[in-house]
Amino acid sequence: MAHKAVVGFLVGSKSDLKFVEKGLRLLEEFGIPYDLQVISAHRTPDRAAQYAQDAEAAGLKVIIAAAGAAAHLAGAIASRTTLPVIGVPIPSSELKGLDSLLSTVQMPSGIPVATVAIGESGAVNAAVLTAEILALSDSALAEKLRRYRKKLARKASRDNPASREAGK
Ligand code: RP5
């Protein structure tokens, strides 16, 4: 586990990395250290269990788990830790992520996975949600989140054709 990481960022396969790049970049922008691991609920179930069991003692505060197809990674991790687990459904299979969404979101009562959107937007939102959780006890991070929101609003305004015509 990387030194001082507060977020465990797990992907079920190396092939998922292209979907989570923007989320990783955003964590970096927020200055949130993360530990990136390829861990599969199906191919490396023992490693997945061990990672989840050790996570809290290792200093992690949030775990993001991104997986495709029968995407049990986030749920398998959540079953072995009380840290907040955010699930990102990856659109890697023929079903384009609907399979991953359903298998990530439909957790039985008592073991939650905070499931975000399918694919790249989901990975970005997982990073933002992580920052929001950590910002509860980190005012500098809360300020970074406010600036991030303002940046989004400025971009949306710039992209508005009506404001361009008016020379705003
Ligand atoms: C899942 O199976 C992974 O998360 C990935 O989205 C999908 C396919 O994995 P590969 O066959 O590309 O390694 O476990």
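Conventions and cut-offs
- The residue numbering used here restarts from 1 in each chain and proceeds along that chain's sequence as written.
- At least 70 in pLDDT is required for a residue's local features to be given in this predicted model, at least 80 for side-chain atom pairs to be given and counted, and no such filter applies to totals for whole chains, interfaces and linings, which use all residues.
- The basis for the side-chain values is all heavy atoms of the structure; hydrogens and waters are excluded.
- When we say a residue is near a molecule or strand, we mean one of its heavy atoms is within 4 Å of it.
- Here a polar contact means two N or O atoms within 3.5 Å. Within protein one must be a hydrogen donor candidate and the other an acceptor candidate, and residues neighboring in sequence count only if both atoms are side-chain atoms.
- Surface accessibility follows the Shrake-Rupley procedure with a 1.4 Å probe radius. Residue values consider only the protein chains on display as shielding.
- Charged residues are taken to be Asp, Glu, Lys and Arg, nonpolar residues to be Ala, Val, Leu, Ile, Met, Phe, Trp, Tyr, Cys and Pro, and polar residues to be all remaining types, Gly included.
- Joining through side-chain atoms within 4.5 Å is the link that ties buried Ala, Val, Leu, Ile, Met, Phe, Trp, Tyr and Cys residues into a set, and such a set is a nonpolar core.
- Under the scheme applied here, a residue whose accessible area is under 20% of the maximum for its type counts as buried, over 50% as exposed, and between as partly exposed, the area being computed with a 1.4 Å probe on protein chains only.
- Secondary structure elements are taken from DSSP: a helix is a run of H or I of four residues or more, a strand is a run of E of two residues or more, and numbering for both begins at the N terminus.
- Contacts are residue-level and defined by heavy atoms, with any inter-residue pair within 4.5 Å sufficient.
- What makes two strands pair is DSSP finding at least two bridges between them.
- Orientation is described by axes fitted as lines to C-alpha atoms, over the contacting stretch for helices, and by angles from 0 to 180 degrees between their N-to-C directions.
- For a helix, the expected span equals 1.5 Å multiplied by the number of residues minus one.

Chemist: So what about the site of the ligand? Which residues, and what values?
Modeler: Taken together, Gly12, Ser13, Ser15, Asp16, Arg43, Ala67, Gly68 and Ser92 are the residues near the ligand. In the model, an oxygen atom of the ligand is placed 2.5 Å from a nitrogen or oxygen of the aspartate 16 side chain. Contact between the ligand and glycine 68: an oxygen atom at 3.0 Å from a main-chain N or O atom of the residue. Alone, the ligand offers 360 Å² of accessible surface; in the complex the protein occludes 71% of this. Here the residues of the shell around the ligand sort into one nonpolar, five polar and two charged.

Chemist: Please set out the nonpolar core residue by residue, giving values where relevant.
Modeler: Core analysis: the largest hydrophobic core is formed by 30 residues, its most contacted members being Phe9, Val20, Leu27, Phe30, Ile32, Ile64 and Val88. Listing elements by their share of this core, those giving two or more residues are β1 (7-11), α1 (17-29), β3 (62-68), β4 (85-90), α5 (120-135) and α6 (139-159). Looking at this core, the element that brings in the most residues is α5, giving eight residues. Among all residues touching valine 88, those that are not within four sequence positions of it are Ile64, Ala65, Ala66, Ala67, Val116, Ala117, Gly119, Gly122, Ala123 and Ala126. Listed in part, the 20 residues of the second largest apolar core include Tyr51, Ala55, Ala74 and Val113.

Chemist: Describe the pairing of β4, listing the residues and the values that go with them.
Modeler: Counting buried positions along β4 yields six of six residues, so the element is predominantly enclosed. Here β4 shows no split at all, with Val85, Gly87 and Pro89 on one side and Ile86, Val88 and Ile90 on the other all buried. Pairing geometry for β3 and β4, over six bridges, is parallel. Among the inter-strand pairings, isoleucine 63 is bridged to a residue of β4, identified as valine 85.

Chemist: Please set out the sheet that holds strand β2 (residues 34-38) residue by residue, giving values where relevant.
Modeler: Reading across the sheet, the five strands line up as β2-β1-β3-β4-β5 and stay open at both edges, with parallel pairing between neighbours. Each end of this open sheet is capped by a strand with a single partner; those strands are β2 and β5 (114-115). The pairing of β1 with β3 spans five bridges and is parallel. Its bridge partner lying in β3, leucine 10 is registered against alanine 65. On the sheet, helix α4 (residues 98-105) packs against β3, β4 and β5 and is oriented at approximately 160° with respect to β4.

Chemist: Before we move on, can you summarise α5 with the specific residues and values?
Modeler: With 16 residues, α5 extends 23 Å between its outermost C-alpha atoms, agreeing within 8% with the 22 Å of an ideal straight helix rising 1.5 Å per residue. Taken residue by residue, α5 has Gly122, Ala123, Val124, Ala126, Ala127, Val128, Thr130, Ala131, Leu134 and Ala135 as its buried positions. Buried residues in α5 make contact with β1, α1, β3, β4 and α6.

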